[in-house]
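A structural walkthrough
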2 protein chains.
Amino acid sequence: MSLGPGAAEYLAPKAREALEAAQVVVGYQTYIDLIAPLLTHQEVVATGMRAEVQRCQSAIDRARSGQRVALVSSGDSGIYGMAGLVLELCAAQGLRLGQAKTDRDADLSLEVIPGIPALAAGAALLGAPLMHDFAVISLSDLLTPWEVIQRRVEAAAQGDFVIVLYNPKSQKRDWQLPRVVELLLRHKEPHTPVGLVRRASRAGETIVVTTLENILEQPVDMQAIIMVGNSQSFRYGPYLVTPRGYLGKYQVPEKE
Amino acid sequence: MSLGPGAAEYLAPKAREALEAAQVVVGYQTYIDLIAPLLTHQEVVATGMRAEVQRCQSAIDRARSGQRVALVSSGDSGIYGMAGLVLELCAAQGLRLGQAKTDRDADLSLEVIPGIPALAAGAALLGAPLMHDFAVISLSDLLTPWEVIQRRVEAAAQGDFVIVLYNPKSQKRDWQLPRVVELLLRHKEPHTPVGLVRRASRAGETIVVTTLENILEQPVDMQAIIMVGNSQSFRYGPYLVTPRGYLGKYQVPEKE
């Protein structure tokens, strides 16, 4: 299930109910901390950052033993979150999933509860950068070969998509973003507007609008999400806006 | 502001508060209907489907006259919603936007409130199709030249993105989806899994998982959202899953 960006005001009622009804809450410690006020009676299983497989397997095992388990992800659990890994593990173990509680042949029942993804929370703070077609790419090469990431960045630039970059940088991974900016500059203008949001709706929230040629001057870490405009995006005061075309100003992008 | 997919259980507390505090609620009639139980004291300005510019201008005019206005979009207002058009109109009119109520030099104050987008609500119902990089494309050529849409579909296919198609079809617009399927079949296998969701969380909700070669057999309309898997996506029972790579099975896609 999904927690949204972090603040309680963005936690959907459905997700809150699932947390309240859970006997066990499983998640990465940082996300568990976000919902501390709601963890009044549940057993809490908090794990470290790279213990994703262990965390999901623990949730599956407990659900199979009959407990009501809430496995939490920040943002939306279906976008670089834990929903997919749980399903992958269940598939690898040949489990039969039920969707209703009354499904007696099922090994366990599962429901994915969506939330406000980081890309939507970040876009709202930047104004309206995602009003036209966009591509979402994680720059983490822990699980994905760099060649695949690079190929996607180039395809997205060629298609003149607005480009949303997740996981642009971490403490041990610092060369990917400069390389991506270099790739993007082959297809996009240096003054293409770029937005950067860190910790949307949490303490330390940061919102910056700059340009593609200057984005590397900004402090970036694994909590940042970066949005690179398309050829029509523009800055308006503190905002980054991608027009949809309602005002008749849309033109076919010049570059191929 | 954003209503999420439709059901009250997905309306964020922040959005509910904004609706309750509003003096005027402006929106497309279908979205106004979704929140009818919350419209107890507000003036309601409901407009038809293609009256987007008029609707947003009305919201701006009322806000400038000092009223508290909630302009509603379903899903997330920043993804093919009204947030961008409002900012475009304000920019075209040279308005100075304030972010805080205390900003006395501003022509009006504006806050974009994010919500659960249709792509996240749809993905949750399908399982976990968006666990790896994805591209989001609207097939409506009312505001975007078909050449741009086609170029983006091809770029997304070449990048082996999961592809999310908004507005695949309408009553008057029926040839785009067959053409897109034809384009995609040049780059993707015919058995590539494809998910289709209509009216997520509303009456008449429909969830289908099929293949790229069979998607045109499904009834599709403007309320549908379609997700085409990448080369690693697989079906698992009723679900569509795109692996992230945690289980070590990720391979560099074969096709270029």
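All residue numbers here refer to positions counted from 1 along the written sequence of the relevant chain. A letter from A marks each chain and a number from 1 marks each ligand, given out in the order of writing. Only residues with pLDDT of at least 70 get local features here, since the model is predicted, and only at 80 or more are side-chain atom pairs given and counted; chain-wide, interface and lining totals rely on the full set of residues. To get the side-chain values, all heavy atoms of the structure are used, and hydrogens and water are removed first.

1. Things to note about the overall build of chain A
- Numbering of helices and strands runs from the N terminus, with a helix taken as a DSSP run of H or I at least four residues long and a strand as a DSSP run of E at least two residues long. For chain A, the count of helices and strands is seven helices and 13 strands.
- Burial here depends on accessible area, computed with a 1.4 Å probe over protein chains only, as a share of the maximum for the residue type. Under 20% is buried, over 50% is exposed, and the range in between is partly exposed. Going through the 256 residues of chain A one by one, you find that 60% of them count as buried.
- Residue pairs at least 24 apart in sequence account for 64% of intrachain contacts in chain A once pairs closer than 6 positions are excluded.
- Here the accessible surface of atoms and residues is derived via Shrake-Rupley with a 1.4 Å probe, and residues count as covered only by protein chains that are part of the display. On chain A, roughly 10,200 Å² of surface is accessible, and the fraction owed to carbon and sulfur atoms is 47%.
- Charge assignment in this entry is limited to Lys and Arg as positive and Asp and Glu as negative, and neither His nor the chain termini are counted. Throughout, a charge is located at the NZ atom of Lys, the CZ atom of Arg, the CG atom of Asp or the CD atom of Glu. Considering chain A, the positive charge centre built from 25 side chains and the negative charge centre built from 27 side chains are found 2 Å apart. Any two residues whose heavy atoms approach within 4.5 Å at even a single point are treated as in contact.

2. Considering the domain arrangement of chain A
Residues and elements named next belong to chain A.
- When the domains of chain A are assigned, the result is domain 1 (8-109) and domain 2 (118-241).
- Just the C-alpha atoms count here: the centres of domain 1 and domain 2 sit 29 Å apart.
- Accessible area that two parts lose when put together, with a 1.4 Å probe and added across both, is what the buried area reports. When the buried area of domain 1 at its contact with domain 2 is split by residue, Arg50, Ile79 and Tyr80 rank highest and sum to 57% of it.
- Take a side-chain nitrogen of Lys or Arg and a carboxyl oxygen of Asp or Glu: if they are within 4 Å of each other, that pair is a salt bridge. Seen at the junction of domain 1 and domain 2, the total is zero salt bridges.
- N or O atoms within 3.5 Å of each other form a polar contact, as long as, within protein, one can give a hydrogen and the other can take it, and as long as residues adjacent in sequence are counted only when both atoms are side-chain atoms. For the pair domain 1 and domain 2, the interface holds two residue pairs in polar contact (both at pLDDT 80 or more).
- Only Asp, Glu, Lys and Arg are considered charged in this grouping, and only Ala, Val, Leu, Ile, Met, Phe, Trp, Tyr, Cys and Pro are considered nonpolar; every other residue, Gly among them, is considered polar. Across the side of domain 1 that touches domain 2, the residue classes break down as five nonpolar, two polar and one charged. Delimitation of the domains relies on an automatic or database domain assignment.

3. Description of empty space enclosed by the protein
Residues and elements named next belong to chain B.
- Site definitions follow a grid-based scheme: protein atoms alone, a 1 Å grid, a 1.4 Å probe that fits but cannot get out for cavities, and for pockets an open set with protein on both sides within 12 Å along at least five of seven lines, plus lining residues having an atom within 4 Å of a point. Grid points are joined across faces, edges and corners, and a volume is the space filled by probe spheres set on the points. Tallied over the entire structure, the rule returns one cavity of 30 Å³ or more.
- Approximately 30 Å³ is the volume found for the largest cavity.
- In terms of lining, the largest cavity is formed by Leu165, Leu177, Val181, Leu184, Val194, Leu212, Ile215, Ile226 and Val228.
- Secondary-structure elements contributing two or more residues to the lining of the largest cavity are α7 (176-185) and β11 (224-228).
- At three residues, the largest contribution of residues to the lining of the largest cavity is made by α7.
- Partitioning the lining of the largest cavity into residue classes produces nine nonpolar, no polar and no charged.

4. Overview of the confidence of the model for chain A
All names here are of chain A.
- pLDDT measures how confident the predictor is about each residue, on a scale from 0 to 100. Here chain A averages 92 in pLDDT, and 95% of its residues register 70 or above.
- The model gives residues 249-256 a pLDDT under 50, and that stretch makes 23 contacts with residues more than four places away or in other chains.
- Scored by ipTM, the complex comes to 0.94, with pTM at 0.94.

5. Some words on the relation of the copies chain A and chain B
- Only residues with pLDDT of at least 70 in both copies contribute their C-alpha atoms to the least-squares superposition of the copies. Mapping chain A onto chain B is achieved by rotating through 180° and translating by 0.0 Å along the same axis, at an RMSD of 0.0 Å. What the superposition gives is, in effect, a two-fold axis relating one chain to the other.
- Most of the interface of chain A is mirrored in chain B, where 100% of its interface residues again form contacts.

6. Quick look at the interface of chain A and chain B
- With 79 residues of chain A at the interface, the matching set in chain B holds 79 residues.
- Regarding the contact of chain A and chain B, the summed buried area is about 7,200 Å², with carbon and sulfur atoms giving 63% of it.
- Counting the contacts that link chain A with chain B gives six salt bridges.
- With a shortest N-O distance of 3.7 Å, Arg152(A) and Asp160(B) are connected by a salt bridge.
- Here chain A is connected to chain B by 26 residue pairs in polar contact (both at pLDDT 80 or more).

7. Considering the environment of Asn230(A)
- Take Asn230(A): it is sitting in the loop between β11 (224-228) and β12 (234-236).
- When near neighbours in sequence (up to four residues on either side) are disregarded, Asn230(A) contacts His132(A), Asp160(A), Phe161(A), Val162(A), Lys188(A), Thr192(A), Thr242(A) and Arg152(B).
- One polar contact links the side chain of Asn230(A) to the main-chain amide nitrogen of Gln232(A), over a distance of 2.8 Å.

8. So, the sheet that holds strand β13 (residues 239-241) of chain A
- DSSP calls a pair of strands paired once it identifies at least 2 bridges connecting them. Taken together, the three strands give an open sheet; going across it, the order is β6-β13-β12 (chain A), and neighbouring strands pair in mixed fashion. Two strands close off the open sheet at either side, each with one partner strand: β6 (127-128) and β12 of chain A.
- With respect to the sheet, helix α4 (residues 83-92) of chain B is in contact with β6, β12 and β13 of chain A, its orientation differing from that of β12(A) by roughly 70°. Between N-to-C directions, angles cover 0 to 180 degrees, with each direction set by a line fitted to C-alpha atoms, over the stretch in contact for helices.

9. Describing the pairing of β11(B)
Residues and elements named next belong to chain B.
- Burial analysis of β11 places five of its five residues in the buried class, which makes it a mostly covered element.
- A two-sided burial pattern is seen for β11, the buried positions comprising Ala224, Ile226 and Val228 on one face and Ile225 and Met227 on the other.
- Where strand β8 (residues 162-166) lies against β11, three bridges are found, and the strand directions are antiparallel. Note on β11: the bridge partner recorded for isoleucine 163 is valine 228.
- Strand direction decides the pairing type here: strand β9 (residues 193-198) and β11, joined by five bridges, are antiparallel. From the neighbouring strand, arginine 198 faces β11, where its bridge partner is alanine 224.

10. Overview of helix α6 (residues 146-158) of chain B
- What a helix should span is 1.5 Å times the count of its residues minus one. Taking 1.5 Å as the rise per residue, α6(B) with 13 residues should run 18 Å; its terminal C-alpha atoms sit 18 Å apart, in good agreement.
- Buried within α6(B) are the following residues: Trp146(B), Val148(B), Ile149(B), Arg151(B), Arg152(B), Val153(B), Ala155(B), Ala156(B) and Ala157(B).
- Structurally, α6(B) contributes buried residues whose contacts are with α6 (146-158) of chain A together with β7 (134-138), β8 and α7 of chain B.
- A positive phi of about 50° marks Asp160(B), the residue just after α6(B).

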